[in-house]
Amino acid sequence: MLMAIVGVVYGALVGLFGHWLLFHQIAKNKRSGKDPFKGIGGVFFFRYMIDGASLLIFALVTRNGIGITAAAISITIAVKVSLIIVYLRKGGRID
């Protein structure tokens, strides 16, 4: 149970870092007068690489299946939230 909580917290922290990277890039583009969403595909790719590497490091350190699964689900939810926020900011609608 404790490792599941540790996994969720770890995944949430990694997810927050990914959110920061993404929205920092959007804000930087907006400040420079470019399309705010230009180049965020590269940020998503970089984020996926960081997510995978951080999950691998977590797996090597803890070696606990429940904790790894909890971290993976938490990271996945964070990525989906980012995708939904970007979709809504680009003018998409959730019906």
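Residues numbered from 1 in each chain as written. Predicted model: local features only at pLDDT ≥ 70, side-chain atom pairs only at ≥ 80, totals over all residues. Heavy atoms only, no water.

Draft legend 1. How the structure looks around the packing of helix α1 (residues 2-31) against helix α2 (residues 40-62). For the pair α1 and α2, the least separation of the axes is 10 Å and the interaxial angle reads 160°. As the angle between them shows, α1 and α2 are arranged roughly antiparallel. The handedness of the crossing between α1 and α2 is right-handed. Of the residues in the contact of α1 with α2, the class split is 14 nonpolar, 7 polar and 2 charged. (Axes fitted to C-alpha atoms, helices over the stretch in contact; angles between N-to-C directions. Helix = DSSP H or I, 4+ residues; strand = E, 2+ residues; numbered from the N terminus. Parallel < 35°, antiparallel > 145°, perpendicular 65-115°, else oblique. Left-handed = near helix turned anticlockwise from the far one by under 90°. Nonpolar A, V, L, I, M, F, W, Y, C, P; charged D, E, K, R; others polar.)

Draft legend 2. Quick look at α1. The end-to-end C-alpha distance of α1 is 43 Å, a good match for the 44 Å that 30 residues give at a rise of 1.5 Å each. Buried residues of α1: A4, G7, G11, V14, G15, G18, H19, L21, L22, Q25, I26 and N29, and no others. Tucked inside the fold, the buried residues of α1 contact α2 and α3 (65-89). Following α1 by one or two positions, G33 adopts a phi angle in the positive range, close to 85°. (Expected span 1.5 Å × (residues − 1). Buried < 20%, exposed > 50% of the residue type's maximum accessible area, 1.4 Å probe, protein only. Contact = heavy atoms within 4.5 Å.)

Draft legend 3. Broad picture of α3. Helix length check: α3 (25 residues) gives 36 Å between terminal C-alpha atoms against 36 Å at 1.5 Å per residue, within 8%. Listed as buried for α3 are G67, A70, A71, S74, I75, A78, V79, S82 and V86. The N-cap of α3, judged by a side-chain oxygen 3.0 Å from the amide nitrogen of I66 a few residues on, is N64. (Polar contact = N/O pair within 3.5 Å; in protein donor to acceptor, adjacent residues only side chain to side chain.)

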